[in-house]
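Letter by letter, the chains look like this.
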Amino acid sequence: MTDFYAAVFGAGPSGLSIANALAKKGKSVLLIDPYVSENAPGAPAGLVNPATGRRARLSWRSRECFDALNPLLDELEKFADNDAEPLISRSGVIRPAIDEKLADNFLESLEKYDWPEEWIRWMGPDEVTEFNPEIAPNHGALFLNNGFTVFADRYLNTYRKYLRVKLGVESRYEEGSYQYENNSGTFSISLQEEQFSAEHVIIAAGFNAPRFEDWEYLPLHLVKGQIVHFEADRKLNWDHAVSSMGYALRRGNRELVVGSTYEHNFEGLDTTDDAYRRISEKLENMLPNIAKRVKKIWQVAGIRVTTPNKLPVIGRHREIDNLCIYTAMGSKGLLFSEYTASLLAGHILDDTPIPEELGTDRFHE
Ligand SMILES: Cc1cc2nc3c(=O)[nH]c(=O)nc-3n(C[C@H](O)[C@H](O)[C@H](O)COP(=O)(O)OP(=O)(O)OC[C@H]3O[C@@H](n4cnc5c(N)ncnc54)[C@H](O)[C@@H]3O)c2cc1C
């Protein structure tokens, strides 16, 4: 008998959602992360948007992802202190076509994908101007009713607290390591001053996942990104997110979070002036007048993990059956994590198959 059913390494969106999925099924979970806490600073905002990239592709299994994410958000909002600042802003996402090519792509997307009718609509340029006069001259826009802004720092900290308080997840915000015990087929988990045993280990350590020796064999690709948190000189009069070739997300009365860069070759995690310049250009292309009236409050860089098919990788290790990976959320961690966690939990608990396009099997010979 082990101390925990599962030890999860990493308390980002992936680690939290798999801890939640297992704890909800009555399993004991130990959550370990040396770099965050329940009061950690973090990205001030992130976007949940099912119309992806320049082609506004309907993202992978969006319905299932929304169906898994929405009840969690309701639950976390209920759990959060009523006086606390909001965790999300359900105010939709406008995707202005700031050039003709984007307009062609967006109109094609409406035809090409099986969009649920209530999710998406086309707005002509006049309607866009009426809707938000600050948006740059455009050829029309897509509006995603079900897209929303997540105040990521608050969301993650609330989620961490919720797991501990409501579901009894043991949380340790400190260095930890695991050792597979061949004799028992279980793991010993070493923390700074404690030692535990666990039946399963799940690595959900984001860009550090490939640094765990057992997972070096996965073809994970790292893409750095930077966002800038700006403050405008006066109140901004809209709530919705703006996403064209970059995004601008509203927070508070006067703040805008603008991102992001996609850097495939990079040195280190520091923010750079070059990325700042490119983000400022994105803001200028989307909201030209606002761009003249903002000052930078903060900026931060992070790393996305992707795989060749741009989808998450979840599943078991090729040799150690009860060692699992949960990573490669790319730029969709907020939308994907709850649904993919339910798939991984189902696989660990009941051996339900993992969709081929996500499984670790695709990398095994
Ligand atoms: C600039 C930028 C903008 C983005 N914008 C969006 C957006 O708008 N919408 C969206 O959905 N996604 C966005 N993303 C992507 C999103 O951040 C990721 O998809 C998501 O964070 C992945 O979650 P994760 O838990 O797998 O990894 P992470 O968020 O990286 O979390 C991994 C966790 O593991 C911990 N860890 C690291 N090493 C160890 C270790 N050795 N032991 C234990 N724990 C460890 C880390 O501290 C961290 O808390 C953005 C990413 C970047 C870089």
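Conventions we followed
Residues numbered from 1 in each chain as written. Predicted model: local features only at pLDDT ≥ 70, side-chain atom pairs only at ≥ 80, totals over all residues. Heavy atoms only, no water. Near = heavy atom within 4 Å. Polar contact = N/O pair within 3.5 Å; in protein donor to acceptor, adjacent residues only side chain to side chain. Areas by Shrake-Rupley, 256 points an atom, 1.4 Å probe, with all protein chains shown as cover. Helix = DSSP H or I, 4+ residues; strand = E, 2+ residues; numbered from the N terminus. Expected span 1.5 Å × (residues − 1). Buried < 20%, exposed > 50% of the residue type's maximum accessible area, 1.4 Å probe, protein only. Arc of directions from axis to C-beta. Axes fitted to C-alpha atoms, helices over the stretch in contact; angles between N-to-C directions. Parallel < 35°, antiparallel > 145°, perpendicular 65-115°, else oblique. Contact = heavy atoms within 4.5 Å. Nonpolar A, V, L, I, M, F, W, Y, C, P; charged D, E, K, R; others polar. Pairing = 2+ DSSP bridges. Right-handed = clockwise from strand over helix to strand, strands pointing away. Domains from an automatic or database assignment. Buried area = accessible area lost by both parts, 1.4 Å probe. Salt bridge = Lys/Arg side-chain N within 4 Å of Asp/Glu carboxyl O.

A.B. asks: Sorry if this is basic, but what is going on with the site of the ligand here?
C.D. replies: Around the ligand lies a shell of 32 residues, among which Ser14, Asp33, Leu47, Asn208 and Gly330 are the nearest. With respect to the ligand, the side chain of Tyr247 contributes an N or O atom lying 3.1 Å from a nitrogen atom. Gly333 is positioned with one of its backbone polar atoms (N or O) 3.1 Å from an oxygen atom of the ligand. Compared with its free state, where it exposes 990 Å², the ligand has 84% of that area covered by protein.

A.B. asks: For this particular structure, what's the right way to read helix H2 (residues 62-79)?
C.D. replies: With 18 residues, H2 extends 25 Å from end C-alpha to end C-alpha; this agrees with the ideal 26 Å at 1.5 Å per step. Residues Ser62, Cys65, Phe66, Leu69, Leu72, Leu73 and Leu76 constitute the buried set of H2. Burial along H2 is one-sided: seen end-on, the buried residues are contained in an arc of 145°. Exposed residues lying more than 90 degrees from the buried face of H2 are Asp67 and Lys78.

A.B. asks: Got a minute to help me understand the packing of H2 against helix H8 (residues 333-350) in this structure?
C.D. replies: Helix-helix packing is characterised by the crossing angle of the two axes and by the distance between the axes. Two numbers describe how H2 lies on H8: the axes approach to 7 Å, and their chain directions differ by 90°. With respect to each other, H2 and H8 are oriented roughly perpendicular. Taken together, the residues of H8 that come into contact with H2 (itself represented by Glu64, Cys65, Phe66, Ala68, Leu69 and Leu72) are Leu334, Leu335, Phe336, Glu338 and Tyr339. The residue inventory of the contact of H2 with H8, partitioned by class, reads 9 nonpolar, no polar and 2 charged.

A.B. asks: Can you walk me through the sheet that holds strand E7 (residues 93-96) in this structure?
C.D. replies: Each strand in a sheet pairs with another by means of backbone hydrogen bonds, the pair being arranged parallel or else antiparallel. Spatially, 8 strands are ordered E8-E9-E7-E16-E17-E18-E15-E19 in an open sheet, and the strand pairing comes out mixed. The sheet terminates laterally at strand E8 (120-123) and strand E19 (294-306), the two strands that pair on one side only. Ignoring strand direction, the axes of neighbouring strands in this sheet form an average angle of 20°. With 5 bridges connecting them, strand E15 (residues 221-232) and strand E18 (residues 255-259) associate as antiparallel partners. Its bridge partner being in E18, Glu231 is matched across the sheet by Glu255. Contacts from helix H3 (residues 100-112) reach E7, E8 and strand E9 (141-144) within the one sheet, and its direction differs from that of E8 by about 140°. The strands that helix H6 (residues 273-286) touches are E15, strand E16 (241-243), strand E17 (247-251), E18 and E19; relative to E15, the one it contacts most, it runs at about 60°.

A.B. asks: Help me understand the pairing of strand E1 (residues 4-9) in this model?
C.D. replies: Each regular strand carries side chains that alternate between the two faces of the sheet. Of all 6 residues in E1, 6 are buried; the element is thus mostly enclosed. One ladder, built from 5 bridges, connects E1 with strand E14 (residues 195-203); its direction is parallel. Counterpart to Ala6 in the pairing with E14 is His200. Both E1 and strand E2 (residues 29-32) contribute to a ladder of 4 bridges, which runs parallel. Across the sheet, Ala6 pairs through a bridge with Val29, a residue of E2. Handedness of the crossover is the feature at issue here: the chain leaves E1, passes through helix H1 (residues 13-24), returns alongside E2, and the resulting connection is right-handed.

A.B. asks: I tried to follow the domain arrangement of the protein on my own but got confused; where do I start?
C.D. replies: By the assigned domains, the protein splits into domain 1 (4-41 + 154-220 + 309-363) and domain 2 (88-150 + 221-306). Contacts between domain 1 and domain 2 engage 12 residues on the former and 10 residues on the latter. Buried area between domain 1 and domain 2, both sides added, is near 1000 Å², and the carbon and sulfur share of it is 72%. Connecting domain 1 to domain 2 are 0 salt bridges. Our count for the contact surface shared by domain 1 and domain 2 stands at 2 residue pairs in polar contact (both at pLDDT 80 or more). For the side of domain 1 that touches domain 2, a count of residues per class yields 7 nonpolar, 4 polar and 1 charged.

A.B. asks: Explain the environment of Ser331 to me, please; I cannot follow it from the model alone.
C.D. replies: Residue position: Ser331 is located in the loop between strand E21 (323-327) and H8. A relative accessible area of 44% means that Ser331 is categorised as partly exposed. For the pair Ser331 and Glu38, spaced 293 residues apart in sequence, the C-alpha to C-alpha distance is 23 Å. Sequence-distant contacts of Ser331, defined by excluding residues within four places in its chain, comprise Tyr262 and Arg304. In terms of polar contacts, Ser331 uses its side chain to reach the side chain of Tyr262, at 3.5 Å.

A.B. asks: How should the pattern of salt bridges be read in this particular structure?
C.D. replies: Proximity of charged atoms lets side chains of opposite charge pair with each other. Per the stated rule, a full pass over the model turns up 18 salt bridges. The partner of Glu38 in a salt bridge is Arg164, with the nearest N and O atoms 2.7 Å apart. Taken as a pair, Glu38 in the loop between E2 and strand E3 (46-48) and Arg164 in helix H5 (residues 152-167) lie far apart in primary sequence, 126 residues in all. The partly exposed category is assigned to Arg164, whose relative accessible area is 38%. Residue Arg254 pairs with Glu231 through a salt bridge whose shortest N-O separation is 3.2 Å. Placement of the pair is Arg254 in the loop between E17 and E18 and Glu231 in strand E15, with a sequence separation of 23 residues. By relative accessible area, which is 32% here, Arg254 ends up partly exposed. Members of the salt-bridge network, linked through shared partners, are Asp274, Arg277, Arg278 and Glu281.

A.B. asks: Looking at this structure, I do not really get the environment of Asp351. What am I missing?
C.D. replies: Summarising the element assignment, Asp351 is placed in the segment after H8. The exposure class of Asp351 is exposed, given its relative accessible area of 53%. Separated by 296 residues in sequence, Asp351 and Arg55 place their C-alpha atoms 36 Å apart. With residues up to four places along the chain from it excluded, the contact list for Asp351 reads Arg316 and Gly346.

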